[in-house]
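# Per-entry structural report
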Amino acid sequence: MEDEVASPVGVLEDYFFKSSESETSSSKEPGTTDSDKSKPGSRWRAFLQLLRVKSKKPVATLYPLSVLKLSRRFTSGMRETVIDASSFHSSPWKIFTHHEIQIATNYFAQENCIGKGGYAEVYKGCLPNGQLVAIKRLARGAENETTGDFLSELGIMAHVNHPNTAKLVGYGVEGGMHLVLELSEKGCLASVLNGSKEKLPWPVRQKIALGTAKGILYLHEGCQRRIIHRDIKASNILLTEDFEPQICDFGLAKWLPENWTHHTVSKIEGTFGYLAPEYLLHGIVDEKTDVFAFGVVLLELVTGRRALDYSQQSLVLWAEPFLKKNKIRELIDPSLDDVFDSRQIKIMLFTASLCIQQSSIRRPSMNQARFLVVQLLNGNVSCSSFTKKSQLPFTRRDFLEEFIDSD
Ligand SMILES: Nc1ncnc2c1ncn2[C@@H]1O[C@H](COP(=O)(O)OP(=O)(O)OP(=O)(O)O)[C@@H](O)[C@H]1O
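Since the model is a prediction, treat every value here as computed from it, not as a measurement. (Residues numbered from 1 in each chain as written. Predicted model: local features only at pLDDT ≥ 70, side-chain atom pairs only at ≥ 80, totals over all residues. Heavy atoms only, no water.)

Of all hydrophobic cores here, the largest spans 84 residues; its most connected members are L189, F294, L299 and I345. Looking at this core element by element, the count peaks at 10 residues for helix α9 (residues 287-303). When neighbours within four sequence positions are excluded, L189 is seen to be in contact with L200, I208, A234, I237, L239, V297 and L301. Judged by nonpolar contacts, the second largest core, of 10 residues, contains I101, A104, L127 and V180. (Core = buried A, V, L, I, M, F, W, Y, C linked by side-chain atoms within 4.5 Å. Buried < 20%, exposed > 50% of the residue type's maximum accessible area, 1.4 Å probe, protein only. Helix = DSSP H or I, 4+ residues; strand = E, 2+ residues; numbered from the N terminus. Contact = heavy atoms within 4.5 Å.)

So this is what it looks like as structure tokens:
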């Protein structure tokens, strides 16, 4: 039980909001009683008060959320991506005063507003040392709910450390709640794919696919605990100056205990167009929720279309008939102007088609999806050895060969 109370996300939400009354898991720990979870509002207030008081001290002293108690998952070959818990002591996240945030954003000047989401507004800012940052200010929603999302996001961001996840610089809780992140110069993938005149060349799309796969895999298997992002989408993939993707917006992320096969939520949150069927219909959350959404992002990268277009048509439903009939041509973004490696495109589409399967068991794990993207895009593995090496469930070698050979 101690492990779960220690976990800042998901369990914290349960702890404070008593939301677990309406949520179930496949494997609950013994000893959890409803009385443990009483008085949610007062606990949030007490916790925020703690943040405000502690804000006067270095944030490294702010680890009662027991980062350091967390058990760590090691999978072979993954050690280099796992953060050493001792590194938290030296992580100097800055706590910003409201005045510092106002100065950085020029008092939240409209011209500095670089993004608006469901709950937040994001402003470009400049710190006194010249560092450019993105300041996310919670703007909408019921206080209890947004506070929960803010603390969840802060808790997760303070723990993730990977080249393909957004970087936390600090936070501020005076005059509203603010997350201060490193600025990703190119904005988000959605705006680059759909909003800018400059079209993304194929090698850049490939780089984004690979980096996104690595970032999600890190969340699932590489950091201290299983993190399910739950809102993987093109507007939550930020791009650095050299188009390295960074996953952001951890407001919905769940921290899943090791021994839970999945988590079931009663409130479906996330973004239409990216929601896996078992999540949409039954509220089931596990790694395959993110794998499905990753498949949709791959489709967006190949087709240049939105997950949901202006007429609310789903990209998955639009693409499925073409994928089934191996009609690859129809799927390729015309703005690529035929400048691409068609074998790579087919492999990307093949990976997408596995990830968006209705049945979550049939979808690959993120590790298998990344293997596909890395190995086959690099041309390292032949089709014949691929299905064996990747250990993909239910995937026949001849299906892959047929797909690759299709015209
Ligand atoms: N670090 C950053 N650098 C550059 N732009 C950013 C950064 N963080 C966020 N943005 C921009 O702000 C937008 C909204 O950010 P974010 O997704 O975190 O907000 P949100 O309210 O949680 O959104 P949603 O409604 O998707 O949950 C992003 O899509 C992106 O365009």
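Moving on, we get to the site of the ligand. G118, K136, K233, S235 and D249 are the nearest of the 20 residues found near the ligand. Separating an oxygen atom of the ligand from a side-chain N or O atom of K136 is a distance of 2.8 Å. Measuring from a nitrogen atom of the ligand, one finds a backbone N or O atom of E182 at 2.9 Å. Against a free-state accessible area of 620 Å², the protein chains account for coverage of 89% of the ligand. (Near = heavy atom within 4 Å. Polar contact = N/O pair within 3.5 Å; in protein donor to acceptor, adjacent residues only side chain to side chain. Areas by Shrake-Rupley, 256 points an atom, 1.4 Å probe, with all protein chains shown as cover.)

According to UniProt, the positions carrying the feature "binding site: ATP" (unreviewed entry) are K136. Mapped onto the elements, K136 comes out in strand β5 (residues 132-138). Sequence-distant contacts of K136, defined by excluding residues within four places in its chain, comprise A120, E121, V122, E153, M177, H178, L179 and D249. Separated by 3.0 Å, the side chains of K136 and E153 make a polar contact. (UniProt positions renumbered as here; feature names shortened; annotations may be inferred.)

Moving on, we come to the sheet that holds strand β4 (residues 120-126). Reading across from one edge, β2-β6-β7-β5-β4-β3 is the order of the 6 strands in this open sheet, with mixed pairing throughout. Whereas interior strands pair on both sides, the edge strands pair on one side only; in this sheet they are β2 (94-95) and β3 (113-116). Where β5 lies against strand β7 (residues 178-182), 5 bridges are found, and the strand directions are antiparallel. Within β7, the residue paired with I135 across the bridge is V180. (Pairing = 2+ DSSP bridges.)

Mapping T289 onto the fold places it in helix α9. Since its relative accessible area comes to 4%, T289 is described here as buried. What T289 contacts, discounting residues up to four positions off in sequence, is I228, A276, E278, Y279, I284 and R363.

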